[in-house]
Amino acid sequence: MMEINMRKIIAVDISGRHKTSDGKYHLVCAAVAVSISPNHIERVHHVNTKYFVREKSLEIMDVVHLMEETVNNIDTWGTIVAEMGDLYNKPVDMVSKMFNRNFKYQESISERLAIQFAHHISHSSRKLLLNKEI
């Protein structure tokens, strides 16, 4: 039997970076703790969402704090993985120093799938909270 090389990551996505009609930013951050192989999500360990309301647009440290606050409620360890655009396309060596946990940008197919999973959760949760059709 072939052994699968798995590792744990926590994929994170934030939805709601645009002002709503009330002039505020209604954000939902989703964190998904998964075990992955190079091409697949092998197991989902934990999912956490957190709702935030902000008066002004997010700066990079705001994004880091939202992600960390959401990830802190997950009791499994793993490297935080996010899309480069979520952190304003800043270099990974700069961004990783801002986090309290290990951080990296997505590289593999499975990391991309995990971020897509987190995106669907954050986007759908935000729409439900704002009482809009999906």
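Residues numbered from 1 in each chain as written. Predicted model: local features only at pLDDT ≥ 70, side-chain atom pairs only at ≥ 80, totals over all residues. Heavy atoms only, no water.

Caption draft 1: A look at the overall build of the chain. Of regular secondary structure, the chain possesses three helices and five strands. Along the chain, helices (α) and strands (β) appear in the sequence β-β-β-α-β-α-β-α when read from the amino end. For a compact globule of 134 residues, the expected C-alpha radius of gyration is about 14 Å, and the chain comes in at 15 Å, within 12% of that figure. In terms of overall dimensions, the chain has a C-alpha envelope of 55 × 35 × 25 Å along the principal axes. A burial count over the chain gives 43% of its 134 residues as buried. Of the contacts formed within the chain by residues at least 6 apart in sequence, a portion of 62% connects residues at least 24 apart. (Helix = DSSP H or I, 4+ residues; strand = E, 2+ residues; numbered from the N terminus. Rg over C-alpha atoms; globule rule 2.2 N^0.38 Å. Buried < 20%, exposed > 50% of the residue type's maximum accessible area, 1.4 Å probe, protein only. Contact = heavy atoms within 4.5 Å.)

Caption draft 2: Fine view of the nonpolar core. Counting 25 residues, the largest nonpolar core has Val12, Met67, Leu87, Phe99 and Phe103 as the members making the most contacts within it. Counting residues per element, the ones that place at least two in this core are strand E1 (7-15), strand E2 (25-36), helix H1 (60-71), strand E4 (79-82) and strand E5 (103-105). Of the residues forming this core, the biggest block, six residues, is contributed by H1. Once residues lying within four places of it in the same chain are set aside, the contact partners of Val12 are Cys29, Ala30, Ala31, Met67, Val71, Ile80, Val81, Ala82, Asp86 and Ala118. (Core = buried A, V, L, I, M, F, W, Y, C linked by side-chain atoms within 4.5 Å.)

Caption draft 3: Just H1, in detail. Taking 1.5 Å of rise per residue, the 12 residues of H1 would be expected to cover 16 Å, and the 17 Å separating its terminal C-alpha atoms lies within 8% of that figure. Of the surrounding elements, those touching the buried residues of H1 are E1, E2, strand E3 (41-54), E4 and helix H2 (92-96). (Expected span 1.5 Å × (residues − 1).)

Caption draft 4: Quick peek at the pairing of E3. Bridge count between E2 and E3: 12 bridges; the pairing is antiparallel. Within E3, the position partnered with Ala33 by the bridge is His46. Connecting the antiparallel pair E2 and E3 is a turn made up of four residues. (Pairing = 2+ DSSP bridges.)

Caption draft 5: Structural detail: the pairing of E2. Counting buried positions along E2 gives 12 out of 12 residues, so the element sits mostly inside the fold. Residues Tyr25, Leu27, Cys29, Ala31, Ala33 and Ser35 line one face of E2 and the alternating positions His26, Val28, Ala30, Val32, Val34 and Ile36 line the opposite face, and both faces are buried. Looking at chain direction, E1 and E2 are connected through nine bridges and run antiparallel. Paired with Ser15 across the strands is Val28, a residue of E2.

Caption draft 6: Expanded view of the packing of aromatic side chains. Applying the stated criterion across every chain, the model contains two aromatic pairs. Pairing Phe99 with Phe103 gives two aromatic rings, centres 4.5 Å apart and planes at 5 degrees, and the pair type is stacked. Across this residue pair, the class does not change: Phe99 and Phe103 are buried. Ring geometry for Phe103 and Tyr105: centres 5.3 Å apart, planes at 80 degrees, overall edge-to-face. Each member of the aromatic cluster is reached from another via a ring pair, and the members are Phe99, Phe103 and Tyr105. Just above the ring of Trp77 sits the side chain of Arg101; from NZ or CZ to the centre is 4.2 Å. (Phe/Tyr/Trp six-rings, centres within 6.5 Å; stacked < 30°, edge-to-face > 60°. Lys NZ or Arg CZ within 6 Å of the ring centre and 35° of its normal.)

Caption draft 7: Up close: the pattern of salt bridges. All told, the structure shown has six salt bridges when counted by the stated rule. Here Glu111 and Arg7 are joined by a salt bridge, their closest N and O atoms 2.5 Å apart. Highlighted residues: Glu111 in helix H3 (residues 109-129) and Arg7 in strand E1, separated in sequence by 104 residues. Residue class for Arg7 comes out partly exposed when judged on its relative accessible area of 37%. A salt bridge links Glu107 to Lys104; the shortest N-O distance between them is 2.9 Å. On the basis of relative accessible area, Glu107 is assigned to the exposed category, the value being 68%. Lys104 gets classed as buried once you look at its relative accessible area, which sits at 16%. Among the charged side chains, a network of salt bridges with common partners joins Arg7, Lys104, Glu107 and Glu111. (Salt bridge = Lys/Arg side-chain N within 4 Å of Asp/Glu carboxyl O.)

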